[in-house]
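Reading the structure
Listed here are the chains, written in short residue letters.
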Amino acid sequence: MKYDVVIIGGGLSGLVAGITLQKAGKRTAIISTGQNALHFFSGTFESLQEPSQRIKDLFLEAGVRVHYNPGVRLTPMGTFKEAALSLEDIDLFPSEKIGKRVLIVNFQGYHDFFSSFLAEGLEKQGMQCRVRFLNLPELERLQQSPSEMRSVQIARTVDPLWEKVVQEVRLLLKDEDTVILPQVFGLADTSVPGRIRQGIPARVVFAGTLPPSVPGVRTQILLRKRYQLLGGTYLMGDEVVRAHVHEGVVHSVATKNLDSHYVEASEAFILSTGSYFSKGLVANPFRVYEPVFGLDVEYKEDRNAWYNPSFAGDQPYMHFGVKASADLLALKDGEPLQNLYVAGSVLGDTHPEFGSAAGQAIQSALFVADKILGL
Ligand SMILES: Cc1cc2nc3c(=O)[nH]c(=O)nc-3n(C[C@H](O)[C@H](O)[C@H](O)COP(=O)(O)OP(=O)(O)OC[C@H]3O[C@@H](n4cnc5c(N)ncnc54)[C@H](O)[C@@H]3O)c2cc1C
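Going along each chain's sequence as written, the residues are numbered from 1 onward. It should be noted that, the model being predicted, local features are given only for residues of pLDDT at least 70 and side-chain atom pairs only at 80 or more, the latter also being counted only at that level, while totals for whole chains, interfaces and linings use all residues. Remark: hydrogens and water are excluded; side-chain values derive from all non-hydrogen atoms of the structure.

1. Digging into the pairing of strand β13 (residues 240–246)
In this sheet, strand β14 (residues 249–255) lies alongside β13 in antiparallel orientation, the contact comprising six bridges. Each residue of the ladder has a partner; that of His 246, found in β14, is Val 249. Strands were regarded as paired on the criterion that DSSP finds at least two bridges between them. Strands here are runs of E lasting at least two residues and helices are runs of H or I lasting at least four, both read from the DSSP assignment and numbered beginning at the N terminus. Remark: two residues form the turn of the hairpin made by β13 and β14, two consecutive strands paired antiparallel; Glu 247 in that turn has positive phi of roughly 45°.

So, in structure tokens, the structure goes:
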């Protein structure tokens, strides 16, 4: 199997690089093990305070609706965080006063939405909150098992019932100016959050739930579809296990499923395997390493310096990452590999010029794609 470019990892950075390269006429493949950070996504692309038109267009063309208004967003705990480029269903507020009286509505039996914490957090900031539960008969089957009553399953059930949700919330509404609902709408039909907003005579805010994140899963699906529509090959559920590297050049990679069929790239490979969470970086009691190519990793040798004893404090290990040249070519034994680029959170904080979190994933992926295209 031979492509122009082979991308290892199909999270945000792999998909952004893949879409950009396919659009420019390259033949690419993405090999991806599975779950990625988008499945846990808050809906806000951190460090993209001033997104370029190129980034907005990339999302628009994929059907991912985004917006940015300077301000703050509500967290699932009822606190507020500085906002950046966000999915359309994430509300951004000019200040932390989102309303005077707030109705928080959850689904009966849904434990991944912290309605009481949310109320407590908002009440600390002077808002008056009432928590109520919806009991839709259509959710009865899911309610019988807590493992079924999860965000994505709820979204599949309630999206077609959005009018009923609106009616029920209207019945619960008294004199509140704001209604908060869990972010479990618009998985397949992106118009649902907007329709719910229009149907309820109060400001409607969707607040985060425990993973999986419905807005994040939807974003991943839309980006993957866009990549595939552009002709990209997405090898889902496969894992790159080793690479054939000779004299500073990567020739091919081997995967678990393809066994002896090596995947070759005539122009370049991109490593976008994420951080510890996605096993792009692995930590054992002695070292932090990159498991596919054995690349150079920037980390502290003294294990005691990996952690900050303050749980809430900045954790040094979160900054460790694969070393790369200024062009984002991966370094191995101090030397850049000639055709292996690195993008996304596997870089850790080694290249702060690309920002952090999702902003870093997007900006480093675009940079790497441009390098491959000779731009
Ligand atoms: C739990 C979590 C929540 C986050 N939430 C936010 C947020 O709300 N906002 C924000 O701005 N940032 C967030 N981040 C930061 C996050 O790093 C970025 O948002 C971004 O999505 C990372 O994208 P990525 O493509 O670099 O890596 P990932 O999304 O981690 O994707 C890497 C992919 O590579 C695959 N992979 C790994 N090894 C192999 C292999 N050997 N072969 C094949 N595939 C492989 C993995 O399965 C995974 O699918 C979050 C991070 C985490 C861990």
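Moving on, there is more to tell.
2. So, the site of the ligand
Around the ligand there are 33 residues in total, and Ser 13, Ser 42, Glu 46, Ser 278 and Ser 345 lie nearest to it. Contact distances for the ligand include 2.9 Å between a nitrogen atom and a side-chain N or O atom of Thr 33. Counted as a polar contact is a pair of N or O atoms within 3.5 Å, where, for protein atoms, one must be capable of donating a hydrogen and the other of accepting one, and residues adjacent in sequence contribute only when both atoms are in side chains. A distance of 2.9 Å separates a nitrogen atom of the ligand from a polar backbone atom of Thr 44. All accessibility values rest on the Shrake-Rupley procedure with a 1.4 Å probe; residue burial counts only the protein chains present in the view. Coverage of the ligand by the protein amounts to 87% of the 990 Å² it exposes when considered alone. Listing elements by their share of the shell around the ligand, those giving two or more residues are α1 (12–23), β2 (28–32), β3 (44–45) and α9 (357–372). Counting residues per element, the shell around the ligand draws most heavily on α9, which supplies three residues. Side-chain classes follow a simple rule in which Ala, Val, Leu, Ile, Met, Phe, Trp, Tyr, Cys and Pro form the nonpolar group, Asp, Glu, Lys and Arg form the charged group, and the remainder, Gly included, forms the polar group. Here the residues of the shell around the ligand sort into 13 nonpolar, 17 polar and three charged. Near residues are defined by distance, with any heavy atom within 4 Å of the molecule or strand qualifying the residue.

3. Looking at the sheet that holds strand β4 (residues 66–67)
In space, the three strands of this open sheet follow the order β3-β7-β4, with antiparallel pairing throughout. Strands at the two margins of the open sheet, each flanked by one partner only, are β3 and β4. Pairing of β4 with strand β7 (residues 85–87), which is carried by two bridges, proceeds in the antiparallel orientation. When the bridges of β7 are listed, His 67 appears paired with Ser 86.

4. Quick word on the domain arrangement of the protein chain
Interface size is often expressed as the accessible area that is lost when the parts come together. Start and end points for every domain follow an automatic or database-based domain assignment. Taken as a whole, the protein chain is organised into domain 1 (2–41 + 218–372) and domain 2 (60–211). On a C-alpha basis, the centroid separation for the pair domain 1 and domain 2 is 33 Å. Contacts between residues were defined by any pair of non-hydrogen atoms, one from each residue, lying within 4.5 Å. Of the residues lining the interface, nine residues belong to domain 1; the matching set on domain 2 comes to 12 residues. When a carboxyl oxygen of Asp or Glu lies within 4 Å of a side-chain nitrogen of Lys or Arg, that pair is called a salt bridge. Scanning the region where domain 1 abuts domain 2 turns up three salt bridges. Notably, a salt bridge pairs Glu 61 with Arg 226, separated by 3.3 Å at the nearest N-O pair. The interface formed by domain 1 and domain 2 contains five residue pairs in polar contact (both at pLDDT 80 or more). Its residues assigned to classes, the side of domain 1 that touches domain 2 comprises four nonpolar, two polar and three charged.

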